[in-house]
Amino acid sequence: MIKILLAGEGGQGVQTVAKILTQAAQMSGQKTSYIPSFGVEQRGGVSLSYIQIAEENIPYPRFEKADIVVAFCNRAIESIKNYITGETLLIFDDSAILDSSLEPIKAKIKKYLAVPAQQIAKEKYSTKVLNMILLGALVKKIKEIDFSKIEEAILETLADKIVKNPEIKDLNLQALHFGAQLGTDFDSKNSPLQGSQTKEIQCEYSDGQKTWTRFPEYCK
């Protein structure tokens, strides 16, 4: 049995990845369970997906520790920290997650895969497909799922959008394959566990009567 926790923010496509992953697993002959967890915010709230994949029936859909954790953003770290053990594989976006955010969990992490999903999405594709880049890297670590089934599940999940805009098909599949290549080539021995060194932007404001701080990461 493989226990996977996906964690990000609303609007990053966390639940879309979960649905594609579980559908592809079923198409590959596996049993699956999937529980979404998210706040009322359409965008910006924490979004979690608890996924299990197994050859036999899954007795209970929740779990206490994960075999694989995928972190999409800084705010995900607080949500995943209690699910990590020394055997957990952490897949994270090292172009979006600050090194300072990773610091509280570094001592626990023995296995990891850094994927600059946000950076690649901005430079090569679109920020809307950063989830596909992370999905591609993730699938390369799950032997029980046929990669071609992931492609099929993506096309089925995005069928309505593809009808309206055919370019979405190639955009998502290209991002998926790029992420898969990153997942294949990554060498943790020559890549230290660290996130982005960019300092979080905080903008201070004052109008003479009151002072406040704006956090761009949370203001969408």
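Just above sits the structure.
As the structure is a prediction and not an experimental result, all values here were calculated from the model.

Parameters at a glance
- Residues numbered from 1 in each chain as written.
- Predicted model: local features only at pLDDT ≥ 70, side-chain atom pairs only at ≥ 80, totals over all residues.
- Heavy atoms only, no water.
- Helix = DSSP H or I, 4+ residues; strand = E, 2+ residues; numbered from the N terminus.
- Rg over C-alpha atoms; globule rule 2.2 N^0.38 Å.
- Buried < 20%, exposed > 50% of the residue type's maximum accessible area, 1.4 Å probe, protein only.
- Contact = heavy atoms within 4.5 Å.
- Areas by Shrake-Rupley, 256 points an atom, 1.4 Å probe, with all protein chains shown as cover.
- Pairing = 2+ DSSP bridges.
- Axes fitted to C-alpha atoms, helices over the stretch in contact; angles between N-to-C directions.
- Parallel < 35°, antiparallel > 145°, perpendicular 65-115°, else oblique.
- Left-handed = near helix turned anticlockwise from the far one by under 90°.
- Phe/Tyr/Trp six-rings, centres within 6.5 Å; stacked < 30°, edge-to-face > 60°.

(A) Representation of the overall build of the protein in the model. When you go through the protein residue by residue, the secondary structure sums to eight helices and eight strands. Taken over the C-alpha trace, the protein has a radius of gyration of 18 Å; the compact-globule value for 220 residues is 17 Å, and the two agree within 12%. Summarising its shape, the C-alpha atoms of the protein cover approximately 65 × 45 × 35 Å along the three principal directions. Across the 220 residues in the protein, those meeting the buried criterion constitute 46%. A separation of at least 24 residues holds for 61% of the contacts in the protein among residues at least 6 apart in sequence. In the form shown here, the protein has an accessible surface area of approximately 11,800 Å², with 47% of it arising from carbon and sulfur atoms.

(B) Quick peek at the environment of T157. Residue position: T157 is located in helix α6 (residues 147-157). Placed 54 residues apart in sequence, T157 and T211 show a C-alpha to C-alpha distance of 46 Å. The residues contacting T157, other than those within four sequence positions of it, are T16, I20 and Q23.

(C) Inspection of the sheet that holds strand β4 (residues 68-71) at higher detail. One open sheet accounts for six strands, arranged β2-β3-β1-β4-β5-β6; its pairing is mixed. Each end of this open sheet is capped by a strand with a single partner; those strands are β2 (31-38) and β6 (111-114). On average, adjacent strands in this sheet sit at an angle of 15° to one another, irrespective of strand direction. Pairing of strand β1 (residues 2-9) with strand β3 (residues 46-54) involves eight bridges; the strand directions are antiparallel. Bridged to L5 within β3 is Y50.

(D) A look at the pairing of strand β5 (residues 89-92). Side chains L89 and I91 project from β5 onto one buried face, and the interleaved L90 and F92 project onto a second face that is buried too. As paired strands, β4 and β5 are joined by four bridges and run parallel to one another. Pairing of V70 across the sheet is with I91, part of β5.

(E) Up close: the packing of α6 against helix α8 (residues 167-185). Orientation of α6 relative to α8, taken along the N-to-C sense of each, is 150°, at an axis distance of 10 Å. When the interaxial angle is binned, α6 and α8 end up roughly antiparallel. Between α6 and α8 lies a crossing of right-handed hand. Contacts from F147, I150, E151, I154 and L155 of α6 reach α8 at K169, N172, L173, L176, H177 and A180.

(F) Inspection of the packing of aromatic side chains at higher detail. Tallied over the full model, the rule gives five aromatic pairs. The interplanar angle of 65° and the centroid separation of 5.7 Å between the aromatic rings of Y50 and F63 together place this pair among those described as edge-to-face. Taken together, the residues Y50 in strand β3 and F63 in the loop between β3 and β4 connect sequence positions 13 residues apart. For the pair Y50 and F63, one class covers both residues: buried.

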